[in-house]
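The primary structure of each chain is shown beneath.
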Amino acid sequence: MEEYLQNSRREFMKKMGAASLAAATTTIPTVSFLNSCSSAPKITSKADTVILLWMAGGMAHTETFDPKAYEPYKKGVESKRVLSTFPKVPTVVDGLDFSEGLESIGSVMDKGAIIRSYKSADLGHILHTRHQYHWHTCYEPPQSVQAPHIGAWIAKELGPKNPVIPPFIAMGQRFTVGEGEELKAFHSAGFLGSEYGPFLIPDPSTGLDSVRPPQGMSLKRFEARYKLYTELTNRSKLMEQGSDYQRESLIRSMEQSYRLLNSPESQVFDLTQEPKEKYAIYNTGRFGLGCLTAKRLAMNGARFVSVSTEYEPFLGWDTHENGHTRVVKMKELIDGPVAQLVKDLDESGHLERTLIVLASEFSRDALLEGRPGKKVKDQVNQPDIIEDEKFYGMHRHFTDGSSILLWGGGIKKGLVYGKTADERPCSSIENTVVIDQVHQTLYHALGIHPETNYVIEGRPFYTTPDGQGKPILDLFA
């Protein structure tokens, strides 16, 4: 019994802390300061909600949404001949081809757009979590202060759409695998405060368990535990040494979690309420069920929802070997759920005000590590002649070209923006896009002005570095 009670307490503490993961570790000034310093006029918004579908680990553009010349596998083929290991298949948009295995996503591209010219930053020796930090915050690590996640900026600037639903929810990524501490570093609201941090759901299939008392605990007992948790928090170092703003933000974060636990809206996480035929399409694993949960959250007032295929070294899109066979499985994981998410939001009328973004930290190539002129240390042994199928595919990190997909939120339909070269290196050669443009494009859709900033350590801290980022207006209808 005592062991049961201890486990129950641990579970309770874990649930109550889910929305404020980084509160005690982030760097926040000790004065109350958080009033936006932007005096710029408001922008008319085109969207209320963002869903980020994160292809963690480096999704090869030439194997997915920007296929090149197909080279089938056979023993003795030269590595330099391998540009794509899948044949091209047409999408619903004339002249737009994807690679085989993405037919469902291709069928909804008349409702969205594709950027084929995203270029990742040159951060030196390539580490996934450094590039993921940069993509999600727009700031290169390390920083003297903790840069907020893009979801935290959106939660702060727009506030909750539904006061019960956390404005920023992150699903699919565990922090107990691989580079867990590095992943935590950008899953944070940083100086914006705990209440704008992510509500974390590592496994969407058990999302309902995250928003209800532990099994066997009565509501009365749960309320007593919450009171105890509050008392313990009030005696923490953060509450003793933090600024008024920090303390108030943490309290609001706790209160928001508690409201959700006791609200009818918590049923948004009950996926058994979905029709069986719809559930079956989404049920490809944690990512697919994350897409289903994201749909339900978008329909019920979430501001920013991220769903990750999860970064774990050498798994998922991190194809250091067996690239082709691994990508076959990844396509099976994402193709049906992503397309169904677009269809369901479109049919319900929510797609117009929901911006869906599918992206990855960088791409991959069979030969080049880094980019032309900025080659970095090889992390993969790729033979010149392929005698084993495990070497057939894209195994090296490539930062000079990548694809981003967008639907809804005022985005033009059927648009292809940018271009990469058809021959190696398959680099961006037309309308190159960098990360601050991506962030400002999302902020523009939401009506957040590019001059938005807060004074941190005596200097303005903008949503994108130095406030220089510009939205890509050509993407909007």
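Residues numbered from 1 in each chain as written. Predicted model: local features only at pLDDT ≥ 70, side-chain atom pairs only at ≥ 80, totals over all residues. Heavy atoms only, no water.

## Side note on the overall build of the protein
Stated formally: Runs of E in the DSSP output that reach at least two residues are strands. Runs of H or I that reach at least four are helices, and both are numbered from the N terminus. Contact criterion: two residues are considered in contact whenever any of their non-hydrogen atoms come within 4.5 Å of each other. Here the Shrake-Rupley method, with its probe set to 1.4 Å, supplies the accessible areas, and only the displayed protein chains count as covering residues.
When helices and strands are tallied, the protein shows twelve helices and 18 strands. The long-range share in the protein, meaning contacts at least 24 apart out of those at least 6 apart in sequence, stands at 79%. Just so you have it, the protein exposes about 19,000 Å², and 50% of that area is on carbon and sulfur atoms.

## Things to note about unusual backbone geometry
Heads up, the rule is: Only protein chains enter the accessibility calculation, which uses a 1.4 Å probe; a residue whose area is less than 20% of its type maximum is buried, one above 50% is exposed, and one in between is partly exposed.
Here Pro-141 and Pro-142 are connected by a cis peptide whose omega angle stands at 0°. Tracing the chain through its elements places Pro-142 in the loop between α3 (128-137) and α4 (150-158). Put simply, Arg-424 and Pro-425 share a cis peptide bond, and its omega is -5°. Here Cys-138, not a glycine, exhibits a phi torsion of approximately 75°, which is positive. Counting through the fold element by element, Cys-138 comes out in the loop between α3 and α4. A residue is classified by how much of its surface remains accessible, and Cys-138, at 2% relative accessible area, is buried. A positive phi angle is found at Asn-322, which is not glycine, with a value near 55°. Note that Asn-322 resides in the loop between β8 (304-308) and α11 (323-348).

## Describing helix α10 (residues 286-299)
Note: α-helices contain 3.6 residues per turn, so residues at a spacing of three or four share the same orientation. Note the threshold: What a helix should span is 1.5 Å times the count of its residues minus one.
Its 14 residues give α10 an end-to-end C-alpha distance of 20 Å, which sits within 8% of 20 Å, the value for a rise of 1.5 Å per residue. Burial analysis of α10 places twelve of its 14 residues in the buried class, the great majority of the element. Here α10 has its buried residues at Phe-287, Gly-288, Leu-289, Gly-290, Cys-291, Leu-292, Thr-293, Ala-294, Lys-295, Arg-296, Leu-297 and Ala-298. As for α10, its buried residues are in contact with β1 (49-54), β6 (168-171), α9 (276-282), β8, α11 and β9 (354-359). Of the residues trailing α10, Gly-301 is marked for its positive phi of about 105°.

## Topic: the pattern of salt bridges
For clarity, the threshold we go by: Salt bridge, as used here, is a side-chain nitrogen of Lys or Arg placed within 4 Å of a carboxyl oxygen of Asp or Glu.
Applying the stated rule across the entire model yields 23 salt bridges. Between Arg-116 and Asp-66 there is a salt bridge; the shortest N-O distance is 3.5 Å. Of this pair, Arg-116 sits in the loop between β5 (112-115) and α3 while Asp-66 sits in the loop between β1 and β2 (77-78); the two residues are 50 residues apart in sequence, bridging distant segments of the chain. Residue classification places Asp-66 among the buried positions, given a relative accessible area of 3%.

## Let's talk about a negative patch on the surface
Quick note on the threshold: Only residues above 30% relative accessible area that lack a salt bridge enter a patch, with like-charged residues linked at up to 9 Å and the nonpolar side chains Val, Leu, Ile, Met, Phe, Trp and Tyr linked at up to 5 Å. Asp and Glu count as negative and Lys and Arg as positive, but His and the ends of the chain are not part of the count. To locate a charge, take atom NZ for lysine, CZ for arginine, CG for aspartate or CD for glutamate.
A surface patch of like charges, here negative, comprises Glu-321, Glu-387, Asp-388 and Glu-389. Position of Asp-388 relative to the elements: it lies in the loop between β11 (385-386) and β12 (396-398).

## Observations concerning the packing of α3 against helix α12 (residues 435-446)
We count it as follows: A fitted line through C-alpha atoms serves as each axis, taken over the contacting stretch for helices, and the angle formed by two N-to-C directions is quoted from 0 to 180°. Side-chain classes follow a simple rule in which Ala, Val, Leu, Ile, Met, Phe, Trp, Tyr, Cys and Pro form the nonpolar group, Asp, Glu, Lys and Arg form the charged group, and the remainder, Gly included, forms the polar group.
Where α3 meets α12, the axes come as close as 8 Å, and the angle between the chain directions of the two elements is 35°. Contacts between α3 and α12 pair His-134, Trp-135, His-136 and Thr-137 from the former with Ile-435, Val-438 and His-439 from the latter. Of the residues that constitute the contact of α3 with α12, the class distribution is three nonpolar, four polar and no charged.

## Some remarks on the packing of aromatic side chains
For the record, the criterion: Stacked, tilted and edge-to-face are the three classes assigned to paired rings of Phe, Tyr and Trp, where Trp is represented by its six-membered ring and a pair needs centres within 6.5 Å; plane angles under 30 degrees give stacked, over 60 edge-to-face, the rest tilted. The rule is short: NZ of Lys or CZ of Arg within 6 Å of the ring centre and within 35 degrees of the ring normal puts a charge over the ring.
In this structure the tally under the stated criterion is nine aromatic pairs. Taken together, a centroid distance of 4.4 Å and an interplanar angle of 25° make the contact between Tyr-139 and Phe-461 stacked. A residue pair is termed long-range when its members are at least 10 positions apart, and Tyr-139 in the loop between α3 and α4 and Phe-461 in strand β18 (residues 459-462) qualify at 322 residues. Taking 4.9 Å as the distance between ring centres and 70° as the angle between the ring planes, the aromatic pair formed by Phe-191 and Phe-461 counts as edge-to-face. One end of the pair, Phe-191, is in the loop between α5 (180-186) and β7 (199-201); the other, Phe-461, is in strand β18, and 270 residues separate them in sequence. Through a chain of ring-to-ring contacts, three or more aromatic side chains come together here, namely Tyr-139, Trp-153, Phe-191, Tyr-454 and Phe-461. Of note, Lys-46 hangs over the ring of Phe-476, and the distance from its end group to the ring centre comes to 5.3 Å. We note Lys-331 situated over the ring of Phe-86; from NZ or CZ to the ring centre the distance is 3.3 Å.

## A short note on the sheet that holds β1
The condition is simple: Whether two strands pair comes down to DSSP finding at least two bridges between them.
Strand order across the open sheet formed by eight strands is β7-β6-β8-β1-β9-β13-β5-β14, with mixed pairing between neighbours. Of all the strands in the sheet, just β7 and β14 (415-417) have a single pairing partner and so form its edges. This sheet shows a mean twist of 15° between the axes of neighbouring strands, independent of strand direction. The sheet contact formed by β5 and strand β13 (residues 404-407) spans four bridges and is antiparallel. Residue Ile-114 lies in a different strand from β13, and its bridge partner there is Leu-405. Running over the sheet, α3 touches β1 and β9 and is turned about 165° from β1.

## Regarding the confidence of the model for the protein
Threshold: Known as pLDDT, the predictor's per-residue confidence is scaled from 0 to 100.
On average, the protein scores 87 in pLDDT, and the residues at 70 or more come to 80%. Here residues 1-33 scores under 50 on pLDDT; set against residues more than four positions off or in separate chains, the count is 76 contacts.

## Topic: the environment of Leu-442
Residue placement: Leu-442 occurs in helix α12. Exposure remark for Leu-442: the relative accessible area of 4% places this residue in the buried category. Once residues lying within four places of it in the same chain are set aside, the contact partners of Leu-442 are Val-50, Ile-150, Leu-355 and Val-357.

## Details of α3
By the criterion of burial, α3 is predominantly enclosed, with nine of the ten residues buried. Of the residues one or two after α3, Cys-138 is the one with positive phi, at around 75°.

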